Amino acid sequence: MQLNSVRALKEDLQKNLIGPWASNQVTRQSIGVRATRWGVNVVPPTLALGVKKAGADPDGFQLAVRVQQASLVNSSLIDQIRTQAKGEVDVQYVGIVRPRQTRWQQSSSRPLKIGCSIAHYRVTAGTFGGVVRARDGGQELFLSNNHVFADENRATQGSDILQPGPYDGGQDPADCVATLNFFIPIDFAKPNLVDCATALPGEGIGYDAQTLAGFGRLNGVRNAPLAGNEPVSKIGRTTGATTGTITAIELDNIVIDYDQGQATFDSQIEIAGGTTSVFSEGGDSGSMIFDQSLCAVALLFAGSSAGGPGNLGLTYANPIAEVLDQLKADLLS
Amino acid sequence: MAATIAQARKAKEKVKALVAANLSLRNALAGIGISTIDSGYGVKVNFANEVAEQSTLPRTLDGVPLVISIVGRVSKR
């Protein structure tokens, strides 16, 4: 099936088959002993619909059905779904799904590790990209985006940066690890090249500027020009360690939605994830992107809602050389 | 013959001018960059959504291939 057909079928089944069936389950439970567990109009956690790739055909998809009650696998409900999907369905019993343990990236990290959650106290959460050394004075500074450390130009120098970020439970001042040092303002009227900022580490706050957890040791900054279709990786607060492919370079006229309005960026790098996995999500901003030699190539800051293999969205990043030049700093590695 | 990056950069500027001259294309534009296509270089034009005028863009420009992608809205991460 085409992707759009599977999506339409999924919506139709949810509305006309699963919804009424689930409501019936709630009604039946309401006369049982566990009536209060599921409120009225709440779907019991027994069955989920999704979309799955089918075979090698890039345009081939099928309906995915995930069942939490073993007795449902051979039920009339599943038979009806199979019939409506004309057999193009993948049914699997998954049992009860429990929340995963919190990623290390979203927890307190001392010393700070590249990829951990961090943010200004008024921002939700972003990613600790690494450490730079100021060319003038030699101070070591934390690196991330303006919109992570400087709240889109609104933060004042010296304001608190928390690890983990507030969304991950970081408290001010208990989890303050640094203070805002410097940011390149985001211009909402003219094209930008970077979304970056630095923070001054607090006294006694330890940090590891070299380790790319699961990959090895950061190997400086990439000097050779980037090639299209080249694999790159990152460690981010939300999606952890991921690898994708560079799909465009020297990308101009990208219009980015910020809280304060739209800003245009030129000379950016575009990265795609895989057919079933994204390269980044919200909260990964500030991640250092590196090549297979573990050389830094870019600073992640934005993403699209569609495009790329699987139409899962694309990631956008500032070339790291431009970031470092504008910050007048060198990457510590 | 596969296009060089220098050819792709020149073509990119021409594509920018074509898009800028059309209001619908300009409003839907989400980025113009250089991409690797067929072992050479090409121009990648991203739009936030489909607009009919996309069909007016050439498939090649001065021998440089052009690819169009629909990427939706782009927002900070």
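Structure's up top.
Residues numbered from 1 in each chain as written. Chains lettered and ligands numbered in written order. Predicted model: local features only at pLDDT ≥ 70, side-chain atom pairs only at ≥ 80, totals over all residues. Heavy atoms only, no water.

Q: Can you break down the overall build of chain B residue by residue, with the values?
A: Across its full length, chain B carries 2 helices and 5 strands. Against the globule reference of 11 Å for 77 residues, chain B gives a C-alpha radius of gyration of 12 Å, in line with a compact fold. Overall, the C-alpha framework of chain B stretches about 35 × 30 × 15 Å when taken along its three principal axes. Looking at the 77 residues of chain B, the share that counts as buried comes to 45%. In chain B, the share of contacts with a sequence separation of at least 24, taken over all contacts with a separation of at least 6, comes to 43%. With an accessible surface of roughly 3800 Å², chain B has 54% of that area assigned to carbon and sulfur atoms. Side-chain charges in chain B split into 11 positive and 5 negative, and the spacing between the mean points of these groups amounts to 10 Å. (Helix = DSSP H or I, 4+ residues; strand = E, 2+ residues; numbered from the N terminus. Rg over C-alpha atoms; globule rule 2.2 N^0.38 Å. Buried < 20%, exposed > 50% of the residue type's maximum accessible area, 1.4 Å probe, protein only. Contact = heavy atoms within 4.5 Å. Areas by Shrake-Rupley, 256 points an atom, 1.4 Å probe, with all protein chains shown as cover. Lys, Arg positive; Asp, Glu negative; His and termini not counted. Charge placed at Lys NZ, Arg CZ, Asp CG, Glu CD.)

Q: So what's going on with the pattern of salt bridges? Which residues, and what values?
A: Here the structure, examined in full by the defined rule, presents 20 salt bridges over all chains. We note a salt bridge from Arg154 of chain A to Asp259 of chain A, for which the minimum N-O separation is 3.9 Å. With Arg154 of chain A in the loop between α3 (146-149) and β9 (160-162) and Asp259 of chain A in the loop between β17 (254-258) and β18 (261-265), this pair connects stretches of sequence that are 105 residues apart. Look at Asp259 of chain A and you get exposed, because its relative accessible area is 57%. Counted as one network, the salt bridges with shared partners bring together Arg122, Asp151, Glu152, Arg154 and Asp259 of chain A together with Lys76 of chain B. (Salt bridge = Lys/Arg side-chain N within 4 Å of Asp/Glu carboxyl O.)

Q: How would you sum up the nonpolar core? Please name residues and give values.
A: Counting 30 residues, the largest nonpolar core has Ile271 and Ile289 of chain A together with Val15, Val43 and Val45 of chain B as its most contacted members. In terms of residue count, helix α1 (residues 5-20) of chain B provides more of this core than any other element does, 4 residues in total. Other than its neighbours up to four places away in sequence, Ile271 of chain A contacts Val232, Gly244, Thr245, Ile246, Thr247, Phe279, Ile289, Leu314, Thr315 and Ala317 of chain A. (Core = buried A, V, L, I, M, F, W, Y, C linked by side-chain atoms within 4.5 Å.)

Q: Tell me about the sheet that holds strand β8 (residues 140-144) of chain A, and name the residues and values.
A: As a general point, the strands of a sheet are linked pairwise by backbone hydrogen bonds and lie either parallel or antiparallel. Residue and element names in this part refer to chain A. Within the open sheet, the 8 strands sit side by side as β6-β5-β9-β10-β11-β8-β7-β23. Their pairing is antiparallel. The open sheet has two free edges, formed respectively by β6 (126-127) and β23 (329-331), since each of these has just one partner strand. Most of the contacts of helix α4 (residues 320-327) go to β23, to which it runs at about 140°, and overall it touches β7 (130-134), β8, β10 (176-183), β11 (197-201) and β23. (Pairing = 2+ DSSP bridges. Axes fitted to C-alpha atoms, helices over the stretch in contact; angles between N-to-C directions.)

Q: Can you explain the environment of Pro166 of chain A? Please cite residues and give values.
A: Residue and element names in this part refer to chain A. As for its position among the elements, Pro166 is in the loop between β9 and β10. Using a relative accessible area of 27% as the deciding quantity, one classes Pro166 as partly exposed. Between the alpha carbons of Pro166 and Ala125 there is a distance of 6.3 Å; along the sequence they are 41 residues apart. Setting aside anything within four residues of it in sequence, one finds Pro166 in contact with Ala119, His120, Tyr121, Val123 and Thr124.

Q: Please give an account of the environment of Asp195 of chain A that cites residues and values.
A: Residue and element names in this part refer to chain A. The residue Asp195 is located in the loop between β10 and β11 in this model. Of the residues examined, Asp195 reaches a relative accessible area of 0% and is grouped as buried. Once the C-alpha coordinates of Asp195 and Tyr93 are considered, the two residues, 102 residues apart in sequence, prove to be 45 Å apart. The residues touching Asp195, leaving out its near neighbours within four places in the chain, are Ser144, Asn145, Asn146, His147, Ile186, Tyr258, Phe265, Leu299, Phe301 and Asn318. A distance of 2.6 Å separates the side chain of Asp195 from the side chain of His147, its partner in a polar contact. (Polar contact = N/O pair within 3.5 Å; in protein donor to acceptor, adjacent residues only side chain to side chain.)

Q: Lay out the interface of chain A and chain B with the relevant residues and their values.
A: Accessible area lost upon the coming together of the parts is a frequently used measure of interface size. Listed as interface residues are 38 residues of chain A and, on the opposing side, 22 residues of chain B. With both sides pooled, the region where chain A packs onto chain B buries about 2300 Å², and carbon together with sulfur makes up 41% of that total. Counting every contact that joins chain A to chain B gives 7 salt bridges. Measuring nitrogen to oxygen at the nearest pair gives 2.8 Å for the salt bridge that ties Arg73 of chain B to Asp257 of chain A. Where chain A packs against chain B, one counts 26 residue pairs in polar contact (both at pLDDT 80 or more). In terms of residue count, the dominant contributor to the side of chain A that touches chain B is strand β16 (residues 240-252) of chain A (6 residues). The class makeup of the residues in the side of chain A that touches chain B is 14 nonpolar, 16 polar and 8 charged. (Buried area = accessible area lost by both parts, 1.4 Å probe. Nonpolar A, V, L, I, M, F, W, Y, C, P; charged D, E, K, R; others polar.)

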